[in-house]
Structure formats: structure tokens, C-alpha cells
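Take a look at the letters that make up each chain.
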Amino acid sequence: MEVFLQQLVNGITLGGVYALVALGYTMVYGIIQLINFAHGEIFAAGGYMGVILISWMVAQGYPPFVCLGVALVLAMGYCALLAMAVEKLVYKPLRSSSRLSVLLSALGMSIFLQNGLMLTQGVYDRAYPGEMVQGGFEIGGAMVSYMQIVIVGITVALLVGLNTLVFKTRIGKAMRATAQDKTMSALVGINASRIISLTFAIGAALACAAGIMVGMYYGSVRYDMGFVLGVKAFSAAVLGGIGNITGAMLGGLLIGMIEVFAAGYISSEYKDVFAFIILIGVLYFMPTGIMGENVDDTRV
Amino acid sequence: MTTPASRKLWLGYAVAMLWLYVLLWPLIGIKPGGLEFATSAAIWAKLAAISAILLVLWQLKQRGVFDFVSRPAEAVSKALGKATDRVPTRLWLVLAFACAVAFPLVTERYAHDVAISVLVYICLGLGLNVVVGMAGLLDLGYIAFYGVGAYTYALLSVHFGLSFWLCLPIAGAFSAVAGCIIGYPTLRMRGDYLAIVTLGFGEIVRIILNNWMSLTNGPNGILGIKPPGAYWWQDGKIEHIWLGSLEQFYYVILGLAVCTIVAVYRINHSRIGRAFEAVREDQTAAELMGVNTLGIKLLAYAMGAVFGGLAGAFFAARMRFVSPESFTFIESAMVLAMVVLGGMGSIPGVILGALALIALPEIFRGFELYRMFVFGGVMAMMMLFRPKGLWPAKRMGARSEERD
Amino acid sequence: MAILELSDISVRFGGLQALTDVSFRVSEGDIVGLIGPNGAGKTTVFNVITGVYQTSSGQVSYDGRPLKALRPHKILALGVARTFQNIRLFQNMTALENVMVAQHSRTREGVFGAILRTRTQKREEGRIREKAMQALSFMGLADFAGEVASNLAYGLQRRLEIARALASEPQTLLLDEPAAGLNPAESRELMHTIGRISALGISILMVEHDMKVVMGICRSIVVLDHGVMIAEGRPEEIQRDPRVIEAYLGHG
Amino acid sequence: MKRALYFLSLLLLVSFVAIGCGGEKKDEKKAEAPKAAGIKIGSLGPLTGQYAADGNDIKNGVLAAIEVMNPEMGALGPVTLQAEDDACDPRQAVAAANKLINEKVTAVIGAYCSSATIPAAEPLMAAKIFMITPASTNEKVTESGHKFMYRTCGRDDDQSKAAVKFMTDQLKAKAVYIVDDKTTYSQGLADNVEKLCAGANLKVLGHEHVNQGDKDFSAVLTKVKAAKPDVFYVSLQNSAAAAPMLIQIARMGIKTKILAQDAVYHPQLMELAKKDAEGVYLTFGYTDKETPSYKKFADAYKKLGEPGAYSAYAYDSAVAYLKAVKAAGGTDPEKVKAELMKLDFAGASKQIKYKENGDSGSNYVIQVVKDGKFENFWNPENGQLYKK
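Residues numbered from 1 in each chain as written. Chains lettered and ligands numbered in written order. Predicted model: local features only at pLDDT ≥ 70, side-chain atom pairs only at ≥ 80, totals over all residues. Heavy atoms only, no water.

Details of the nonpolar core
Formed by 323 residues in total, the largest nonpolar core has its most connected members in Tyr91(A), Phe276(B), Leu160(C), Leu173(C) and Leu205(C). The element best represented in this core is helix H5 (residues 109-134) of chain B, accounting for 18 residues. In this structure, Leu205(C) is in contact with Leu4(C), Phe24(C), Val26(C), Val32(C), Leu34(C), Phe46(C), Ile49(C), Leu173(C), Leu174(C) and Leu175(C), ignoring residues within four places of it in sequence. Listed in part, the 124 residues of the second largest apolar core include Val105(D), Met125(D), Ile129(D) and Ala320(D). (Core = buried A, V, L, I, M, F, W, Y, C linked by side-chain atoms within 4.5 Å. Buried < 20%, exposed > 50% of the residue type's maximum accessible area, 1.4 Å probe, protein only. Helix = DSSP H or I, 4+ residues; strand = E, 2+ residues; numbered from the N terminus. Contact = heavy atoms within 4.5 Å.)

A closer look at the interface of chain A and chain B
With 64 residues of chain A at the contact, the number on the chain B side is 57 residues. For the pair chain A and chain B, the two sides together bury roughly 5500 Å², of which 78% comes from carbon and sulfur. Interface area lost by chain A to chain B is led by Leu100(A), Leu104(A) and Tyr284(A), which between them contribute 12%. Across the chain A-chain B interface, the total number found is zero salt bridges. For the interface between chain A and chain B, the tally reads four residue pairs in polar contact (both at pLDDT 80 or more). (Buried area = accessible area lost by both parts, 1.4 Å probe. Salt bridge = Lys/Arg side-chain N within 4 Å of Asp/Glu carboxyl O. Polar contact = N/O pair within 3.5 Å; in protein donor to acceptor, adjacent residues only side chain to side chain.)

A look at empty space enclosed by the protein
Residues and elements named next belong to chain C. A full pass over the atoms with the stated rule returns 18 cavities of 30 Å³ or more. Taken as a whole, the second largest cavity encloses approximately 100 Å³ of empty space. With three residues, strand S4 (residues 57-62) is the largest single contributor of residues to the lining of the second largest cavity. For the lining of the second largest cavity, the class distribution of residues is six nonpolar, five polar and one charged. (1 Å grid on protein atoms, 1.4 Å probe; cavity = no way out; pocket = protein on both sides within 12 Å on 5 of 7 lines; lining within 4 Å. Points joined across faces, edges and corners; volume = space filled by probe spheres on them. Nonpolar A, V, L, I, M, F, W, Y, C, P; charged D, E, K, R; others polar.)

A short note on the sheet that holds strand S13 (residues 364-370) of chain D
All names here are of chain D. If you trace the eight strands from one edge of the open sheet to the other, you get S7-S6-S8-S9-S10-S13-S14-S15, paired in mixed fashion. Of all the strands in the sheet, the pair left with one neighbour each is strand S7 (203-209) and strand S15 (384-385). Bridge count between strand S6 (residues 175-180) and S7: six bridges; the pairing is parallel. Note that in S7 the partner of Tyr177 across the bridge is Gly206. Against the sheet, helix H8 (residues 184-199) makes contact with S6, S7 and strand S8 (231-235), and its axis sits at roughly 160° relative to S6, the strand it touches most. (Pairing = 2+ DSSP bridges. Axes fitted to C-alpha atoms, helices over the stretch in contact; angles between N-to-C directions.)

Some points on the packing of aromatic side chains
Using the criterion set out here, one finds 42 aromatic pairs over all chains in the structure. Centroid distance Phe166(D) to Trp378(D): 5.4 Å. Interplanar angle 55°. Geometry classified as tilted. Here Phe166(D), found in helix H7 (residues 156-170), pairs with Trp378(D), found in strand S14 (residues 373-379); they are 212 residues apart in sequence, far enough to count as distant. In this structure Phe166(D) comes out as buried when scored by relative accessible area, which is 0%. Centre to centre, the rings of Tyr310(D) and Tyr313(D) are 6.4 Å apart; their planes meet at 40°, and the pair counts as tilted. We note that Tyr310(D), like Tyr313(D), is buried. Following the ring pairs from residue to residue traces out a cluster consisting of Phe130(D), Phe148(D), Tyr150(D), Tyr321(D) and Tyr354(D). Cation over ring: Arg164(C) sits above Phe90(C), and NZ or CZ is 4.8 Å from the ring centre. The ring of Phe345(D) carries Lys323(D) above its face, with NZ or CZ at 5.0 Å from the centroid. (Phe/Tyr/Trp six-rings, centres within 6.5 Å; stacked < 30°, edge-to-face > 60°. Lys NZ or Arg CZ within 6 Å of the ring centre and 35° of its normal.)

Observations concerning the state of the cysteines
Within the structure shown, the criterion is met by one disulfide over all chains. Shown here is the disulfide that connects Cys88(D) with Cys113(D), its sulfur atoms set 1.7 Å apart. Residues Cys88(D) and Cys113(D) share a disulfide whose torsion about the S-S bond is about 80°; that sign makes it right-handed. Within this pair, whereas Cys88(D) is found in the loop between strand S2 (79-85) and helix H4 (90-102), its partner Cys113(D) is found in the loop between strand S3 (107-109) and helix H5 (114-126), the two being separated by 25 residues in sequence. Just as Cys88(D) is buried, Cys113(D) falls in that class too. You can see Cys259(B) has no disulfide; the closest cysteine sulfur is in Cys123(B), sitting 8.9 Å from it. (Disulfide = S-S within 2.5 Å.)

Some thoughts on the sheet that holds strand S5 (residues 149-151) of chain D
Each strand in a sheet pairs with another by means of backbone hydrogen bonds, the pair being arranged parallel or else antiparallel. Residues and elements named next belong to chain D. Pairing is parallel in the open sheet, where five strands are placed in the order S2-S1-S3-S4-S5. Whereas interior strands pair on both sides, the edge strands pair on one side only; in this sheet they are S2 and S5. Sheet twist, expressed as the average angle between the axes of neighbouring strands with direction ignored, equals 25°. Where S3 lies against strand S4 (residues 130-133), three bridges are found, and the strand directions are parallel. Counterpart to Ile109 in the pairing with S4 is Ile132.

Things to note about helix H1 (residues 42-49) of chain C
One full turn of an α-helix is made of 3.6 residues, so residues set three or four places apart face in the same direction. All names here are of chain C. The buried count for H1 comes to eight of eight residues, which makes it a mostly enclosed element. Within H1, burial applies to Lys42, Thr43, Thr44, Val45, Phe46, Asn47, Val48 and Ile49. Trailing H1 by a residue or two, Gly51 shows a phi angle of about 85°, which is positive.

Examining the pairing of S13(D)
Each regular strand shows side chains that alternate between the opposite faces of the sheet. Residue and element names in this part refer to chain D. Among the seven residues that make up S13, six are buried, leaving the element largely enclosed by the rest of the structure. In terms of strand pairing, strand S10 (residues 281-285) meets S13 through five bridges, oriented antiparallel. What sits directly across from Phe284, in S13, is Val365. In this structure, S13 lies alongside S14, joined through five bridges in antiparallel fashion. Residue Ile366 lies in a different strand from S14, and its bridge partner there is Trp378. In this antiparallel pair of consecutive strands, S13 and S14, the connection spans two residues, and Asp371 shows a positive phi of 50°.

Let's talk about the domain arrangement of chain D
Residues and elements named next belong to chain D. Entries for chain D in the domain assignment read domain 1 (39-154 + 289-363) and domain 2 (157-286 + 365-385). One C-alpha centre belongs to domain 1, the other to domain 2; they are set 28 Å apart. Taken together, the contacts link 22 residues of domain 1 with 19 residues of domain 2. In this assembly, domain 1 packs against domain 2 so that about 1600 Å² is buried in total across both faces, 41% of it on carbon and sulfur atoms. On the domain 1 side of the interface with domain 2, the three residues burying the most area are Tyr51, Ala309 and Asn363, jointly 26% of the side's total. Our count for the contact surface shared by domain 1 and domain 2 stands at zero salt bridges. On inspection of domain 1 and its partner domain 2, the count reaches six residue pairs in polar contact (both at pLDDT 80 or more). Listing elements by their share of the side of domain 1 that touches domain 2, those giving two or more residues are helix H3 (52-69) and H5. (Domains from an automatic or database assignment.)

A short note on the arrangement of the chains
Counting contacts across all five pairs of chains found in contact, the highest total belongs to chains A and B. No interface is formed between chain C and chain D, the nearest pair of C-alpha atoms being 16 Å apart.

Focus: a nonpolar patch on the surface
A surface patch of nonpolar side chains, amounting to about 520 Å² of accessible area, comprises Leu250(A), Leu254(A), Phe285(A), Met286(A), Ile290(A) and Met291(A). Residue position: Met286(A) is located in the segment after helix H11 (271-285). (Patch = residues over 30% accessible without salt bridge, like charges linked within 9 Å, V, L, I, M, F, W, Y side chains within 5 Å. Areas by Shrake-Rupley, 256 points an atom, 1.4 Å probe, with all protein chains shown as cover.)

Looking at unusual backbone geometry
Residue Gly110(D) is joined to Ala111(D) through a cis peptide bond whose omega torsion reads -5°. As for its position among the elements, Ala111(D) is in the loop between S3 and H5. Of note in the backbone geometry, Asn217(B) takes a positive phi value of approximately 60° without being a glycine. Here Asn217(B) shows up in the loop between helix H9 (213-216) and strand S3 (222-223). Exposure remark for Asn217(B): the relative accessible area of 26% places this residue in the partly exposed category. At Cys88(D), a residue that is not glycine, the phi angle is positive and equals roughly 60°. Taking the relative accessible area as the measure of exposure, Cys88(D) reaches 5% and is therefore buried.

Some details on the packing of helix H10 (residues 245-266) of chain A against H11(A)
Residues and elements named next belong to chain A. Relative to each other, H10 and H11 sit at 130°, their axes nearing to 8 Å. Judged on the interaxial angle alone, H11 and H10 are oblique. Here the hand of the crossing between H10 and H11 comes out right-handed. For the pair H10 and H11, contact is made by Ile258, Glu259, Ala262, Ala263 and Ile266 and by Lys271, Asp272, Phe274, Ala275 and Ile278, respectively. A class-by-class count of the residues in the contact of H10 with H11 yields seven nonpolar, no polar and three charged. (Parallel < 35°, antiparallel > 145°, perpendicular 65-115°, else oblique. Left-handed = near helix turned anticlockwise from the far one by under 90°.)

Written out as C-alpha cells, the structure reads:
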């Protein structure tokens, strides 16, 4: 029971991070049907911006929570700019070409950014200064650290914020309209190009927050950390039904749980196998993911 | 170019450069000790200067300043093209083949090694081309078949001492079975779901190779794989030897690559190839025109897998060592990049793609730090200038699901 | 002798009743028209016959054999070919290749034959090409054989669709609005072509809006409205049928 | 199509000739002035990818050795380095080895991953080029019977013996939990430890594997916590993998003693894991940092950064080779081999003396992390604590 509770806590923390990154994949996919491979690198860049900003501010002598808060905001802005630059530079000109070409340029961008990070930040891991949030408490034998609380708290806040943005505001409405039908939304006066940029920016900001939290949680960041997490988050987005925001949150949480429980109860070396097998199994029976819309492509 | 348009262009350029600086500076300029501007400004200034020069050149070209050079050059290339058109295709093929055969005679070790790698990847690229280019099914886990082929030969050679030539078809068959296993659950899925499922399968295969200690020896890999045996001209008579030198390996893989090229070309121009393309173009219409689309898709996976498996068996024989590290996702991505960069569905395109992606990074090995950085950037940019690939197939359009 | 027989076909998509108890038959060598206002369920009937949709109840039989649970390519192999309302050619393949695909179900050679270029494979390939060229010539497209489908003019694409269907050597041909978008001269030409196809002994079932075409060549007509069959008979009977007139004009 | 083929053949021709002639031209140059070229040694290791940090340590170690040895080489010099990247990938390792053969190096210092060293050795041995690995501790490296294969670092089997001895003799442990991250190195070591535990009356409560590149170990650690072992034996590929593990161990409140191995010996460990690294034991090839030879090494290395786990070994490997070359008066492989076998000198890492099979013996001791520094703790040879 203790073990189970502990694994549950671990799973929720991990799942929350996956969900944040998965959202970026799903939103971009929803609007331009692109698997944005470079998204994982944006996540890594976020982690690095966190290190850079927090180290600097800590050295200036600001209190930890101020550092974290300011770094979070600044880094999110930075990542949004980065993602928009990537979008403008290599995705926008390809909007009318074959989807595989865009996929390839996304892959190229991913390699480019990853190595760019390596060149500017070095091959060594970069450490987050001190542990910002220390200690923890026990519930029923399960250790819950305050760090986990902070991570889950920030994740939930961001998810709620995103939901409000997408479902309650005019911008959100425009985003959903563009995702549905670009031509029609252009007719009613929505600037699709701007909305797409905005989608990239929001996705990137969320990934950036995830990057900072992962960095704080594991104590360090590395230039290639985006890849593995990116693949998992992308699986999470697909599991939930790619293009569906609620689905991505659910998918992220599920993948996190599956991974932790598979590692805890079955085998830690095969945990990714279980995650993928469950993903494939779900897709076999629900070909568009758990919450994806059923697209009937056999219509004549 | 008119003045307002030009002004707009330079305004855009200024914004982009500003943007670049905002992105560049924090990565380089913020240090725990304080803020620093000199390094990032220097790098930025170089980038800005180069791009400004390029922009000016481009504008001049638009205005026709270079016409005096480009017009005659165009005429020359046109004339050259006409002249080459007069020479029969067969002759070019023979010439290309002759070059390939003569290659090891004029080059040395390292070039052989690179050439072998290129040829292995040509086989892989052509195999994936059947799946992605012809049948239009996105596959991100293709390297798994390469791994299955490599391990099949490795295990059969080490445990049972079977010869390479006997194992080649077995490796192909095993890969085909693996292809069907992977293909089956994906038959009903649409393109992007296919992507993640194939990626997942690729990872599963790699993790199994890495963890099934009793079979694959896990991360330690399998050592002591026999090279192919052959009857070779030696000391004035024909003897059975174990192939050891790089030239010999080169000829083996050249043979394998030629067989692959011929096979893929012939499939492309057969009933099966047309069915592949029909599925790619419009799956529903293909089914209604009597093509068993599920069967054909499965066949496409199996076919692609066979070529991957054959290349894998050769890889194991050539390295005489296999370990799971050779079969990671990035390899799948590389093979896919070859196919798309070269031109989907086009055989010469795939060859060109393999040359570009394997040979070029090897040539630039000296810049190892910047190598992958530039490679990624070029790959992304390449798609902007030639979205259909270096050498597009004559007829190649969107995949069927893209139009739904 | 009925070759194609629909008995009490009903199709439901979720809550939507697309077809209700539709029954009719197509006799060998017959030309049957299927008409009705937009949304009456005509294309659904085609989709049911060719196996794209499954019926909720009722059954389709072809040549005395029930078609239930057969995949579309099997149904084509039995001899039912069709064209599409919105042209669905293989856009990036040449006209000839488009037509050659239709021979798929009539040929057998597999991968090994193709790779080794065996004698039987070559012979078969030659036969496919010959049959395809025949179909193209029959539709007057021989000169466009090497043209990529998407480059053909609209009228030619319509004809290519029919050629493709014919190349599968059908006994029954389902034409889904073959005259849509054609000018009067082309429509006349089409009527003539349909006559020639019928003369080959192929039964034809066609959905068409152009009454001139339907009344001109169909020997019997089935009228659908909101998924229900409201009339069946010879053209002149249908023209006088008050329910048909109401369906077309009444609640406009 | 024809034009396309024309371009293809043209391109093939040009590129082949370019690669071919490029190589040949270099050869000609060398043929003209063999003396001026001096000695070229190669280094092989992951300069990019996951283990780039360790690969750079090796490269830097060799660079330091060249700096130190160059003045001594006299007419044989100057010594130059050709550093190649293998990204720890067997295919790239073989390609890089072939490139080094092309570049006419006479010895290769490397590689890092055993899985790269083993296949890369094949072409190097065939070309009679020395391969001295400063980091591949897998037994198989020197057990393949290669004539020119040497190893300056210790062997996994020796290291695991030291580890088990420490757990039983000093920590008086009864139960141990083992985790590794599935590399040739880390798993080999963990498997050896597990095997030895059976004979040492040490109960193995569990042996888990995590994957390379994982950062989240919470699931495994939860199991460890529940199992309550006396010692937690952590065998990971490098310090970057170990640091998050240590952080999570502390966060989860696991108080068990932790024993790690030499790959985590890197100042990065304390930088990343900070106070959570305190009290961690590790087996490490003993290096006395007070000896003159180490200080000489450290001086030369200073401008290259902080020495990593294998920097000193890489340095010693290169120094050993260059000493042998100097003694042999040339780079003839047979003569150099004879001289290499005669060597017995105080290296930066340890006393360097190669055995017949190419191994140089192991000198594992137990170290502990104390106040952010690695300190010698216990000597398995005599079972004594080091005094501070």
C-alpha cells in the first residue's frame, strides 16, 4: 500500500510534466497537422533558460521564490519567441507543401536546435542552483516532497489557465475556429497566420515551464534532454487523441502512470515497452486515440 | 523590385535580426557572475553581415544585374541537357555502374568505409522508399527491421555457424515477418497515428534487443560474427576465403545494392507497384478498383522490411559485431530523411539522399562539433528550397489521407 | 434474370436513417436509372452495393450470391465496378496506369514474379497493358494514355473514370452521376457511350440528375426520396407518377 | 530521366575522385617529408552525444600528455593529435578507426564505451596500430587476444571484487540492492557484483535495470525503499546519470548506504547533486594526487578544465606510448611493443606496467564524497581505513 501510494505520487508528478509538453504537440497538430519534432528542443531550451536566469538572479541575491517566478515568466516568453521564430522560418513557407516535407524540416530543426544548445551551453549537464524547495512530508508512508507539490501546483495552474484561454476567450475561439477550418475562419476575418504563431507560442511557453520544472526536479538539464521526453509526450498526445487538448492532459497523466507502475510492478527495463504497447493497443481499438474525433475516411 | 517592396524586405530583415539577437544573447550573455554582451554581439554581427550580403545579392539578381552571367549559363546547361538526352539511358547506367565498380581501385581505406556505409544506407533508403514513397505509409521505426536482420545473421552465425549467403534469405524472411507483425495493427490507422505506432515499435525492438540478455547478450552485443565466405581469385587460382578487406565488402554490398535497385525498380513497374501507388493516391478508390488495400499495405511493410533485413545482415557481417546502439530512433530518422530529402518514390533521389546524408557528414568529420548543427539547419532549409526533394520522382503527389 | 438484387435494404448512421427498406433488381443487360432529389440516399445505395457501407438490415445479392461482409475489392472481383460522383482518379498516375490498376483483381503475379521478370509475369503485364489500352480506346482516350490524370480536362477525367471501371471487366457497372458537369454535347456523347457499353452485355445502374440522359437511355427507373423508394417503373410511367412529381417539386 | 542519370554519374564521379584524390594527395605529401610529419596519435571517444563529456576528458588527457612529452621527443617529434568522434556508436567507431588508419596514426587512445572499443579494435589491429584504452573496463577488451591492445584503466571484474569486499568487510552488510543502466560497462559490473555476492554471504534483494538517458528513477527507488537493503549498489554509466539518482534518493528519504563505481568519479557529480552526493562511496582506481607525476599532469591539464574520471588514464596511456616510441627510436610497431612491455613508470593515475595480455592491473580503492570532494576511504588490499 505504501509502495502503491508512493508510485501514485511519482506517477502524478511525471504525468503532469508529460501533459504540459504533450499540450504543445497536440495544439500545433490540431491547427496545422504537423508533428512538431522541434518541440522537445523548445522544452530543453526552456530548461536551460531556467538555469541561466535562476543562476544569475540567485547570484544577485534575490530570494528563491522571486527567482523562480521571474525566471518562469521570462523563460516562457523566450521560448515563445523561439518557437515563433522557428515557425516563421521553416514551417510557414511550407504550409502548402507535402506534410512529409514539413515533418522533415521539423526533424532538421530539432537536430539544429539541440546542437545549437550544445554549442552554446556545452556538453556537460548544467546544475540548477541549490534546491529551491526543500523537504517534504509523509502521507500513509508515501514521501511527498514540496518540490512535487510545487510542480503539480504550477502544472495545474497552467492547465487551468490554458483551458480558460482556449474555451473562454475570443482568442481561444479564434484558435478553435482556425483548427476547424482555415478557409472559413479567414472568411470571418480571423488572421490564421497570427493564430498559428500564437498557438506555437503558447505550446512553447507550456513546454518551457515543464523544462524548468524538470530541471529543478532532477537537479540538472542537458542539451539532449528534449528528445526522450519529447517522444513520450508525443505518445501521450496521440494516446489522448491528437488535436484534443483535454486528451493531451489525460494522455500525459496516463503515460506517466503507466510508466511508473510498469517500472514499479513489472519491470523497470521494459517500462517503455509497456507504455508503447498500451499506446498501440489503445490505438488499435480506438484508431484516433481516447478522446480524438472519429474521422470517417472511407466516405465516398 | 520596386522601392516599397524593397523597403518592406529590409524592414523584415531588421526585425528578424533583432529577433535573432534577442534569442541569441540570453544563451551566451547571461552568466551567474553578470551580464556580458561582447561575445554574442560579435557572433550576431557576423551572422547579420553575411545575411545582409546575401540579401543584397538576391535583390541584385531579382533586378537582373547578373543576367549577363546567368543567361549564358542557362543556355549552356540547356544545351548540355539536350546533348545528354541524346545518349541512351542504358549508357549512363553502364557508366554509373562502371564508376561504382572502379571506385575502390582509385581510392583508399577511409573512402571505402564511407562508400560501404553509403551503399548500406542506399539499401535501407530504397526499402523505406517502398513503404513511404510508393505506398505512402509513414514509418518512423524502420530501423527495427535493420536490427532484426542484423541480429538474425549474428545469432545464426555465432550459434550455428551458418554461412552469410544462407542467412541472407533467412534474415530477409525474419524481417518480413517482423514487418507483418508491425504492419498488422497499423492497417486501419491514419498517417500520423501510424507515425507514433511505428516509432513505438522501433523503440520496442531496440529495448528488447537491449534487455533480452539470454538471446541478444543485451548491451554487450554479439561478437565474433563470421564475415561472408566467397570464392575469390587469389594467387593465381580460385579459392574459398573469408572476405576480410574493405574492397571485398564493398563489392558484396555493391552487389546487394544493385540487386535492391533492380528489385525496387521492377516492383515499381509491375502490378504490385501500381497497387502501392493507387493506395497512396486514394485508398478508398483503390479498394473499390479491386486492390486488396489491407493486403497491399501489409505487403508494402513486408517488402520494405526485407530490404532492411538484408542490409542489416550485411551490416552484422561487415562490423562482425552488433549491439542495440546501432538501431536507435535517430537512425530511422536519418533513413527517412534520405528518402524525403532525395525525393520520395524516386530511386536516384534516394541514392542521392544517402550520398548527401552519409558521405557529407563524413567528409566534414573535422568539424565534429558543428557537423550536426549545420546538418540540422541544412535539412530544414533544404525543405524550403526543394520541398519535393533533391530529385523528385516524376509523379509524386500528396498521400491519400492528406486530401481528406 | 436478375443479376443484382437488393431486398429490404436499411442503413442507419447513428441516429440517421439513410435508407429504409429499399428493394429493387437489375436484370442482366439492363440499364436502370436511380434518381431522386439531393440527399435521397442514391450514393448510399452504391456504397452498400460495393461494400463500403454495411447494411443495418436486408441483403444485397449478386448473381444469386449474398454480398454481406465482403470487402469492396472482392465485390469488384465478382464483377461490379463503379465510378465516383466526385472524380476519384489516382491523380498522379498516368491515364494508362489508372486503367491498369483496375486489372489488379484479374491478375495474379506476385512480388517474386515482378522482381525476377519471369516469362509469365511479362506475358501478364503485356495482357494488362493491352486490356487497358482497349478500355482507353473504347472511351476514346487512347491519345491521352501517357498523360498524368490530374492534367486531363474535366470531361476527359469523367471518361477516364468509366474507362477505369470498364478495365476491370465488369458484368455490372455502377455510374455515379456520369453526366455531372458535362456540356450538352458531351452529355449526348455520354449517352451514346452508355449505349455502347450496354451493347457489350454489361448491366448498368446509374445515378443521374440530368433527366434527359436518364429518360433517354434507361429502360427502368427507381426513385428514392429521403431514403425511401417511392416509385419504380419504366421512364414514361415515372414521368407521370404524382409522388415523383411531388418529391421533385412539392416540398422543393 | 536521362539528364538526371547524367548528373548522377557526374556527381558520383566527382565525389569519388574528390574523396580518392584528396587522400592520395595527402599521402604524397607525407612521402616527400616523412620526418617533418612527426608522430601522429589518434584519440577515439564520444565527442558528441550523451557521453560527450567523457570523450572530451579523454581527448584532453591526450592533449595534456602531448604537451608534456613533446619537448622530450627530440628528433621524433613533434607529436600531433587527431581526435575522432565515435559518439559511442559501433558504426561510427569503425568508420572513425578507418579514418585514423588513413591519417596514418600509429596509436589510438580510446575508446570510451566498451561497445565502441571492441569493434573499432578489429581494423586497428589489422593495420598494426596500437590501441590503448583509458576507459573501457569490460573484460572482453583485452581477452580477444589482440596483439596491440592495451588497457590503462582497471577491469570490471577487479572492481566488482573490491566493491563486494568493501560491502562485506567494512560495511558489514547483509543485504544489497543493485541497479544498473544497461550498458556494457554498467551492467557487466553489476552482474559481476551480483555473482560475487552469492559467494560472500550477501543477500541480493533485487537487481533492477533502468534505461540509459532516464532521469526519473522514482519507481525503482520506491522498490528500494520498501526492500530496506543495507547497501544500495548503483552502477550507472556516468556522473550525469548518477546525480539525479542521488537527488531522488535523498528526496525519497532513503537512508541506505550507497556504493557507486568509477564512472561517477567526476567533479560534476557534486556540482549536480550538491549535498545529496555527500557520503556516497565509490570504487575508484586509486590515484594519489600528491605524487609529482600527478601534479605534472594536473599542471598540463589546468587550462583544459577539471580532470574527469578518465583524464589521467588517457594521459598515462599517451605518455606510455610516447615513452615506448622514444625508447624504440621510431614507430615500428614490433619494436614499440617490445619497449611498451618493458615500461614501468609512475604515471599520473598509478604505476604503469603492462602485462602480457595488455592489462595494467587494477588499483581499486573505496572513496567517499566528503565536503564536496572525493576522498580515499578504505583500501581493499589491506582492509584499512585511510587516515585523514
